[in-house]
Amino acid sequence: MSNTKYIFVTGGVTSSLGKGIIASSLATLLQARGYSVTIQKLDPYINIDPGTLNPYEHGECYVTNDGAETDLDLGHYERFLNTATSQANNVTTGRIYKTVIEKERKGDYLGKTVQVIPHITDEIKRRIKILGNTGEFDIVITEIGGTVGDIEALPYIETVRQMRWELGEDCLVIHLTLIPYLTAAGELKTKPTQHSVKALQESGVQPDILVCRAEHELGDEMKRKLALFCNVKKDAVIEALDAESIYAVPILMHKEKLDEVTLRKLNLPTKNEPDLQHWRDFLSRLKYPEHEVEIGLVGKYVELKDSYKSISEALIHAGSVNQTQVKIRWIHSERLTPENIQRNLKDLDAILVAPGFGERGFEGKIATVQFARENNIPFLGICFGMQASVIEFARNVLGHKTANSSEIDPKTKYPVIDLMEEQKKVVNYGGTMRLGANDCQLRADSLAYKIYGQEIISERHRHRFEFNNKFLEKYEKNGMIATGTNPKTGLVEIVEIPSHPFFIGVQFHPEYKSTVAAPHPLFVHFVKAANLQSSSN
Ligand code: GLN
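Conventions used here
- Residues numbered from 1 in each chain as written.
- Predicted model: local features only at pLDDT ≥ 70, side-chain atom pairs only at ≥ 80, totals over all residues.
- Heavy atoms only, no water.
- Buried < 20%, exposed > 50% of the residue type's maximum accessible area, 1.4 Å probe, protein only.
- Helix = DSSP H or I, 4+ residues; strand = E, 2+ residues; numbered from the N terminus.
- Pairing = 2+ DSSP bridges.
- Contact = heavy atoms within 4.5 Å.
- Axes fitted to C-alpha atoms, helices over the stretch in contact; angles between N-to-C directions.
- Near = heavy atom within 4 Å.
- Polar contact = N/O pair within 3.5 Å; in protein donor to acceptor, adjacent residues only side chain to side chain.
- Areas by Shrake-Rupley, 256 points an atom, 1.4 Å probe, with all protein chains shown as cover.
- Nonpolar A, V, L, I, M, F, W, Y, C, P; charged D, E, K, R; others polar.
- Salt bridge = Lys/Arg side-chain N within 4 Å of Asp/Glu carboxyl O.
- Phe/Tyr/Trp six-rings, centres within 6.5 Å; stacked < 30°, edge-to-face > 60°.
- Left-handed = near helix turned anticlockwise from the far one by under 90°.
- Arc of directions from axis to C-beta.

Asker: Can you walk me through the pairing of strand E10 (residues 209–214) in this structure?
Answerer: Looking along a regular strand, one sees the side chains alternate between the two faces of the sheet. Among the six residues of E10, five are classified as buried, and the element is accordingly described as predominantly covered. Across six bridges, strand E7 (residues 171–179) lies against E10 in parallel orientation. Note on E10: the bridge partner recorded for threonine 177 is cysteine 212. Bridge count between E10 and strand E11 (residues 237–241): five bridges; the pairing is parallel. Looking at E11, one finds that arginine 213 is bridged to alanine 240.

Asker: Please explain the sheet that holds strand E16 (residues 404–405) as it appears in this structure.
Answerer: Backbone hydrogen bonds hold the strands of a sheet together, and the pairing may be parallel or antiparallel. Taken in spatial order, the three strands make up an open sheet running E16-E17-E20, and their pairing is mixed. Single-partner strands in this sheet number two, and they are E16 and strand E20 (465–467). Both E16 and strand E17 (residues 415–419) contribute to a ladder of two bridges, which runs parallel. Counted as the bridge partner of asparagine 404 is proline 415 from E17. On the sheet, helix H15 (residues 384–396) packs against E16, E17 and E20 and is oriented at approximately 145 degrees with respect to E17.

Asker: Where do I start with the site of the ligand in this structure?
Answerer: All residues adjacent to the ligand are Pro355, Gly356, Phe357, Cys383, Phe384, Gln387, Glu407, Arg462, His463, Arg464, Phe465 and His509. Phenylalanine 384 places a polar main-chain atom, nitrogen or oxygen, 3.0 Å from an oxygen atom of the ligand. Between the ligand and the protein, one listed contact pairs an oxygen atom with a backbone N or O atom of arginine 464 at 3.0 Å. When isolated, the ligand has an accessible area of 300 Å², and the protein chains bury 99% of it. Residue assignment for the shell around the ligand shows that the elements contributing at least two residues are H15 and strand E19 (456–463). Taken together, the residues of the shell around the ligand sort by class into five nonpolar, four polar and three charged.

Asker: When you look at the pattern of salt bridges in this model, what are you seeing that I'm missing?
Answerer: Inspection of the entire model under this criterion finds 38 salt bridges. The residue glutamate 187 makes a salt bridge to lysine 189 at a minimum N-O spacing of 3.1 Å. Taking relative accessible area as the criterion, lysine 189 reaches 30% and is therefore assigned partly exposed. Taking the shortest distance from any N to any O, the salt bridge between glutamate 221 and arginine 224 comes out at 2.9 Å. With a gap of three residues between them, glutamate 221 and arginine 224 both fall in helix H8 (residues 219–230), about one helical turn apart. The class for arginine 224 is partly exposed, based on a relative accessible area of 42%. Put simply, Lys41, Asp43, Asp71, Asp73 and Glu143 are held in one network by salt bridges that share partners.

Asker: What is the right way to look at the packing of aromatic side chains in this model?
Answerer: This structure, assessed with the given rule, holds 13 aromatic pairs. Relative to tyrosine 301, the ring of tyrosine 56 has its centre 5.1 Å away and its plane inclined at 80 degrees; by these criteria the two rings are edge-to-face. Placement of the pair is tyrosine 56 in helix H2 (residues 55–58) and tyrosine 301 in the loop between strand E12 (291–299) and helix H12 (309–321), with a sequence separation of 245 residues. When its relative accessible area of 34% is taken as the criterion, tyrosine 56 is described as partly exposed. Tyrosine 301 sits in the buried class, given a relative accessible area of 11%. Ring geometry for phenylalanine 502 and phenylalanine 526: centres 5.9 Å apart, planes at 40 degrees, overall tilted. Note that phenylalanine 502 is positioned in the loop between strand E22 (492–496) and strand E23 (503–506) and phenylalanine 526 in helix H18 (residues 521–536), a separation of 24 residues in sequence. An identical accessibility class is assigned to phenylalanine 502 and phenylalanine 526; each is buried.

Asker: In this structure, what is going on with the packing of helix H4 (residues 93–106) against helix H5 (residues 116–133)? I would like to understand it.
Answerer: If you want to describe how two helices pack, look at the angle between their axes and the distance between the axes. Taken N-terminus to C-terminus, the directions of H4 and H5 make an angle of 115 degrees; their axes are 10 Å apart at the nearest point. Judged by the sense of rotation from one axis to the other, the crossing of H4 with H5 is right-handed. Along its contact with H4, which presents Arg95, Ile96, Tyr97, Thr99 and Val100, the element H5 presents Val116, His119, Ile120, Glu123, Ile124, Arg126 and Arg127. Across the contact of H4 with H5, the residue classes break down as six nonpolar, two polar and four charged.

Asker: What should I look at first to understand the sheet that holds strand E2 (residues 37–43) in this one?
Answerer: Read across the open sheet, the seven strands follow the order E5-E2-E6-E1-E7-E10-E11; overall the sheet is parallel. Sheet topology places strand E5 (90–92) and E11 at the edges, where each strand pairs with a single neighbour. For this sheet the average axis-to-axis angle between neighbouring strands, irrespective of direction, equals 20 degrees. Strands E2 and E5 of the sheet are contacted by H4, whose axis makes an angle of about 70 degrees with E5. Where H8 meets the sheet, it contacts E7, E10 and E11, and its direction lies at approximately 130 degrees from that of E11.

Asker: Would you explain helix H11 (residues 277–287) in this entry?
Answerer: Structurally, the α-helix is built with 3.6 residues per turn, so residues lying three or four positions apart point the same way. The set of residues buried in H11 consists of Trp279, Phe282 and Leu283. Viewed along the axis of H11, the buried residues span an arc of 95 degrees, placing them on a single side of the element. Where H11 is buried, its residues contact helix H1 (19–32), helix H3 (73–81), helix H9 (249–255) and H12.

Asker: I'm lost on the pairing of strand E18 (residues 434–442) in this one. Help?
Answerer: Here E18 runs beside E19; their pairing, made up of eight bridges, is antiparallel. Of the residues in E19, the one forming a bridge with cysteine 440 is isoleucine 457. Where E18 and strand E21 (residues 481–485) come together, two bridges link them in antiparallel fashion. Its bridge partner lying in E21, glutamine 441 is registered against threonine 485.

So this is what it looks like as structure tokens:
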């Protein structure tokens, strides 16, 4: 294919309409027609990346292979497309300004006044084109965060205007909007969409396609009206009804011909129908499960489920493989005490202790591990969850009652989890953890090896503390084994208790790598273990 095509996805009327899911679904359809596609997210906030944001603010921080801390939408991109993203796929206003200001300090602007237009917009444009210029992609989809009309998104919208003008038919704008239903009037309303398209037009951007989120069918008449008022062709008014699962959206968008209209507008052939067989199989296994399990997810951010997005999606993927409906019992670690643990964790088929930072709720995580270990309930501890399992073992099996992580108690006599050597000199918080993909070597006689079926695996990390190898011998003598280690540094990445039916703690984040096409083996086997547990419950 000759030129890279650029598609922009903007949002109107309200946030949380699912731009990420629409972008991912379109990309999935284009990929299934044989195009190579990537998706990028531009975020209008000033933080350099979401790594320093509290999950309550912005949900989960997603980590890429190259160690970028990114927006959770990148997780959707990877889960739908089964291809890796990188730092280039997520850019914030903070990062744009930082680059421009650093250039200014170096004197690169040769005495010129540095301005939003053209300097900031040029930098945004450069960041968008980085992906296209790799030559790897036929199509680059760029999702603009926020809602049209937001002051902070203006430079992005202006960049879209310029690129639309410069690229002509190699560029396309999709506007995702809401058609609310007024119960009292018994009617769908188009006015908010008219206004948001007008706001876009005032910035010089004419959308080519409208994707309309609605709770009821739009019908022909309403599509005609939207087309007329918003200057788009009627067949480019796409209805997006609420779906039973995010994974059903590509199928719905195909029915609505979003992929066909997109290709036609980009002057690309539409002959090849997308091959969606594996996608349909995945969905039908989800829709018609043969088993049901309940898994407890113990964390301190459970009020905002987006904080654990990749974990809950990985459990869905694993559920599909096992034809199992995975119900999650969201459990607040801060409310768990040894006294109420039995009541809160009763009848669970498996328990997952989530990643996290800091003291709040940590003792609840430790009490959870003890419950799972002593009652032989399948257990998966991720990052902080793995660290909790190591501390619990020290306290209740090795007899070191005051054992802790030096993150929680810097003066502990038994720092079984300790700050990593290279972290000791770190002063800044942003982007300074151990981040991104690392190799891990598995012991051949381990559960982990059985699960992965290979000796060397690669998984993504995001942490400052680690298992303290000074204590390793004592652990292994008493039944907790290090079954995965970093081949270069000797850091412990996986612990297991072989006498337990399924007890595994991982220092890395397997959830980031689970996709529809390749559900993660750890989650697949965890759900399998939950199934076994449920048949004996
Ligand atoms: N707080 C722990 C550390 O920094 C675990 C981090 C995590 O769970 N992502 O090592």
